[in-house]
Amino acid sequence: MTDLREASAVQLGELRGVIALDGPSGTGKSTVARRLAVSLGAGYLDTGAMYRAVTLAVLRAGVATDDEQAVLTAAEHVDLRVSTDPLQQEVLLGGENVGSEIRGQAVTLAVSAVSAVAPVRALLVARQMRIIDEVCQERGGIVVEGRDIGTVVAPDAGLKVYLTASSETRARRRSLQDRASFDETKRDVDRRDGLDSGRAVSPLQPADDAVWLDTTNLDLQGVLNEIMTLVDERDLRGVAAGR
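The residue numbers shown here count from 1 along each chain, following its written sequence. This being a predicted model, a pLDDT of at least 70 is required before a residue's local features are given, and a value of 80 or more before pairs of side-chain atoms are given or counted; all residues contribute to the totals for chains, interfaces and linings. To get the side-chain values, take all heavy atoms of the structure and skip hydrogens and water.

Trainee: Summarise the pattern of salt bridges; cite the residues concerned and give the values.
Mentor: Any Lys or Arg side-chain nitrogen found within 4 Å of a carboxyl oxygen on Asp or Glu counts as a salt bridge. According to the stated counting rule, one finds nine salt bridges in the structure shown. A salt bridge links R237 to E14, with the nearest nitrogen and oxygen atoms 3.0 Å apart. Of this pair, R237 sits in the segment after α9 (220-233) while E14 sits in the loop between β1 (5-6) and β2 (17-22), and the two are 223 residues apart along the sequence. When the shortest N-O distance is used, the salt bridge between D148 and R121 registers 2.8 Å. Numbering of helices and strands starts at the N terminus; helices are DSSP runs of H or I of at least 4 residues and strands are runs of E of at least 2.

Trainee: Account for helix α5 (residues 118-139), with residues named and values stated.
Mentor: With 22 residues, α5 should cover 32 Å at 1.5 Å per step; its first-to-last C-alpha distance of 31 Å lies within 8% of that length. Among all positions in α5, only V120, R121, L123, L124, V125, R127, Q128, I131, I132, V135 and R139 are buried. Phi turns positive, to about 95 degrees, at G140, one or two residues after α5. Here the expected span of a helix is defined as 1.5 Å times the quantity of residues minus one. For each residue, the accessible area found with a 1.4 Å probe, counting protein chains only, is set against the maximum for its type, and the residue is called buried under 20%, exposed over 50%, and partly exposed in between.

Trainee: Give a detailed account of the nonpolar core, specifying residues and quantitative values.
Mentor: Of all hydrophobic cores here, the largest spans 40 residues; its most connected members are L45, V54, L80, V91, V120 and I132. Considering each element in turn, this core owes the most residues, eight residues, to helix α2 (residues 47-60). By definition, residues are in contact when any of their heavy atoms lie within 4.5 Å. Apart from residues lying up to four places away in sequence, I132 is in contact with V18, L45, I142, V144, V153 and A154. Listed in part, the 22 residues of the second largest apolar core include I19, A37, A42 and L159. The term nonpolar core refers to a set of buried residues drawn from Ala, Val, Leu, Ile, Met, Phe, Trp, Tyr and Cys, joined through side-chain atoms within 4.5 Å.

Trainee: Hey, could you go over the sheet that holds strand β8 (residues 159-164) for me, with residue numbers and the actual values?
Mentor: With parallel pairing, the five strands of this open sheet are ordered in space as β3-β7-β2-β8-β9. The sheet terminates laterally at β3 (43-46) and β9 (211-214), the two strands that pair on one side only. On average, each strand axis in the sheet is inclined to that of its neighbour by 20 degrees, with strand direction left out of account. Two strands pair if DSSP finds at least two bridges between them. Sheet topology note: the β8/β9 ladder contains four bridges and is parallel. Each residue of the ladder has a partner; that of T164, found in β9, is D214. Lines fitted to the C-alpha atoms define the axes, with helices restricted to the stretch that makes contact. Angles between their N-to-C directions range from 0 to 180 degrees. Against the sheet, helix α1 (residues 29-40) engages β2, β3, β7 (141-146) and β8, with an angle of about 180 degrees to β7. Where α5 meets the sheet, its contacts fall on β2, β3 and β7, and the angle it forms with β7 comes to roughly 155 degrees.

Written out as structure tokens, the structure is:
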């Protein structure tokens, strides 16, 4: 697998260190993480997009998702690059922008199986850790979203937030976003919750020191306000010149 990071236009900002946002689909992680990164002048990493891109590569290669060795081989040869700029998100597979395709139904149905392959997770987690280190050195801080950030990828993050919401709320949000039926989306949300929480390697679960934030009755600005309060309480903002 080649280097995963594209050059980012984000300059040294206010955030010091790492903010880890974890939680199931439909909690608003991606939107919140990007907005948070923009507000703090920080880098941004969507680890889920990396797993989705690898899943797309596996599907394109005609590999069965239950053939773990074949899935790993496909993952090892993926030419994948992701942007760490929250204002210019790109996911490139072999130089092709696949940002839209990785959100399609075929990838959504297969990504949990690919993500559960332990060597694939180890491969991507190592890359994610490297990206985090590089971005923090260059820009001071990064907001990282996923399902195992606070527990595995960035266990020393200065702030860990576990976003949650009722399954009905999450399904409604996803159905509006994907323009799909509520019932179909609800079944998919429940299916992914079970797979992601029940996998043997890096299951979806909050870190012991994560702050739980229920977004069921919060709009985007409300969620951002809550997290920014936590950022300030933990003194994670600093003056660039003073670093």
